[in-house]
Amino acid sequence: MKTCLLVIDVQESFRHRPFFTEADLPAYLAAQNALIAGCVAAGVPVVRVLHSDGPEVAGNPFALASGHVRPLDGLLGFEAAATFVKHRHSALVGTGLDVWLTQQGMGRLLVSGIRTEQCCETTTRHASDLGWQVDFVLEATLTFDITQPDGKALPAKDIAMRTATVLQDRFACVCTVAQALARAEEGAGAAA
């Protein structure tokens, strides 16, 4: 089964949001970079997805005019098989990514990127509903604490665990980098 890695919203825009913290960034980048390097070595196409929305002014970090809608510093450089810019949570809405994936004969998607519970989870659910097999590579996703409606902080690690819980065996196989790479290589061998 042909496999493709999606690197979703790993962009400098997040450094310019008040919730951004470097606390989990080194571990995330190590996992994300290992996943990219493993996919490149295995010949698995890597697709870059960037997010742009809000007013198109330099002061909005998610506007193209800001200069921040570019790969996050520290992300491994790679030649993308394709690049898409999205304006919604799902990378499959209005980008043409779904058409590209279909034209390329992709059957399995590896989902990684920023934010775990937003664009990564939404893309995973959408892809699953459209018929793709999805490996959600939890350690290669990053999120940040969120304030709950009661005013208390919900820690990023709890958000990640909640996302893993609701996706597992419903919308995706939640896996590690090593597991995702092994599954992608198995699929590559079967497709050859």
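I will try to describe carefully the structure that is included in this document. (Residues numbered from 1 in each chain as written. Predicted model: local features only at pLDDT ≥ 70, side-chain atom pairs only at ≥ 80, totals over all residues. Heavy atoms only, no water.)

**Topic: the overall build of the chain**
Inference 1: Looking only at helices and strands, the chain has five helices and eight strands in total.
Inference 2: Shown N-terminal to C-terminal, the secondary structure of the chain runs as helices and strands in the order β-α-β-β-α-β-α-β-β-β-α-β-α.
Inference 3: A compact globule built from 192 residues would reach a C-alpha radius of gyration of about 16 Å, and the chain, at 16 Å, matches this within 12%.
Inference 4: Once the C-alpha set of the chain is aligned to its principal axes, its extents read approximately 50 × 35 × 30 Å.
Inference 5: Looking at the 192 residues of the chain, the share that counts as buried comes to 49%.
Inference 6: Summarising the internal contacts of the chain: among those between residues at least 6 apart in sequence, 77% fall at separations of at least 24.
Inference 7: Element-wise, carbon and sulfur atoms account for 56% of the exposed surface of the chain, whose accessible area totals about 8600 Å².
Inference 8: Each charge class in the chain was averaged separately, 15 positive and 20 negative side chains, and the resulting centres sit 3 Å apart. (Helix = DSSP H or I, 4+ residues; strand = E, 2+ residues; numbered from the N terminus. Rg over C-alpha atoms; globule rule 2.2 N^0.38 Å. Buried < 20%, exposed > 50% of the residue type's maximum accessible area, 1.4 Å probe, protein only. Contact = heavy atoms within 4.5 Å. Areas by Shrake-Rupley, 256 points an atom, 1.4 Å probe, with all protein chains shown as cover. Lys, Arg positive; Asp, Glu negative; His and termini not counted. Charge placed at Lys NZ, Arg CZ, Asp CG, Glu CD.)

**Examining the nonpolar core**
Inference 1: Counting 29 residues, the largest nonpolar core has Leu5, Leu35, Cys39, Leu110, Ile114 and Val137 as its most contacted members.
Inference 2: Those elements that provide at least two residues to this core are strand 1 (2–8), helix 1 (25–42), strand 4 (106–114), strand 5 (133–142) and helix 5 (177–191).
Inference 3: Here this core takes seven residues from helix 1, the largest share from any one element.
Inference 4: Those residues in contact with isoleucine 114 that sit more than four places away from it in its chain are Ile8, Asp9, Val10, Phe14, Tyr28, Leu72, Cys119, Cys120, Leu142 and Phe144. (Core = buried A, V, L, I, M, F, W, Y, C linked by side-chain atoms within 4.5 Å.)

**Let's talk about helix 1**
Inference 1: Spanning 18 residues, helix 1 covers 25 Å between terminal C-alpha atoms, matching the ideal 26 Å at 1.5 Å per step.
Inference 2: Buried residues of helix 1: Leu25, Tyr28, Leu29, Ala31, Gln32, Asn33, Leu35, Ile36, Gly38 and Cys39, and no others.
Inference 3: Phi for glycine 43, located one or two positions after helix 1, is positive at around 75 degrees. (Expected span 1.5 Å × (residues − 1).)

**A closer look at the sheet that holds strand 5**
Inference 1: Taken in spatial order, the six strands make up an open sheet running 3-2-1-4-5-8, and their pairing is parallel. Each of the sheet's edge strands pairs with one partner strand only, and the pair in question is strand 3 (82–86) and strand 8 (173–175). Each strand axis lies, on average, 25 degrees off the axis of its neighbour in the sheet, ignoring direction.
Inference 2: Two strands pair when backbone bridges link them, and strand 1 and strand 4 are joined in this way by seven bridges, in the parallel orientation. By the bridge assignment, lysine 2 is partnered in strand 4 with methionine 106.
Inference 3: Packed onto the sheet, helix 3 (residues 116–129) meets strand 1, strand 3, strand 4 and strand 5 and runs at close to 175 degrees relative to strand 5. (Pairing = 2+ DSSP bridges. Axes fitted to C-alpha atoms, helices over the stretch in contact; angles between N-to-C directions.)

**So, the packing of aromatic side chains**
Inference 1: All chains considered together, the criterion is met by five aromatic pairs.
Inference 2: Taking the centre distance of 5.2 Å and the plane angle of 85 degrees together, the rings of phenylalanine 14 and phenylalanine 62 count as edge-to-face. One end of the pair, phenylalanine 14, is in the loop between strand 1 and helix 1; the other, phenylalanine 62, is in the loop between strand 2 (46–51) and strand 3, and 48 residues separate them in sequence.
Inference 3: On the basis of an interplanar angle of 35 degrees and a centroid distance of 6.3 Å, the ring pair of phenylalanine 14 and phenylalanine 144 is categorised as tilted. Taken together, the residues phenylalanine 14 in the loop between strand 1 and helix 1 and phenylalanine 144 in the loop between strand 5 and strand 6 (146–147) connect sequence positions 130 residues apart. Accessibility classification places phenylalanine 14 together with phenylalanine 144 in one group, the buried group.
Inference 4: By the ring-pair criterion, three or more aromatic residues cluster together here, those being Phe14, Phe19, Phe20, Phe62 and Phe144. (Phe/Tyr/Trp six-rings, centres within 6.5 Å; stacked < 30°, edge-to-face > 60°.)

**A short note on the pattern of salt bridges**
Inference 1: Summed over the entire model, instances satisfying the criterion amount to 10 salt bridges.
Inference 2: For the salt bridge of arginine 15 with glutamate 22, the shortest nitrogen-to-oxygen distance reads 2.7 Å.
Inference 3: A salt bridge links glutamate 121 to arginine 162, with the shortest nitrogen-to-oxygen separation between them at 2.6 Å. Of this pair, glutamate 121 sits in helix 3 while arginine 162 is found in helix 4 (residues 156–167), placing the two residues 41 residues apart along the sequence.
Inference 4: Connected via shared salt-bridge partners are Glu12, Arg15 and Glu22. (Salt bridge = Lys/Arg side-chain N within 4 Å of Asp/Glu carboxyl O.)

Keep in mind these values describe shape, not function.
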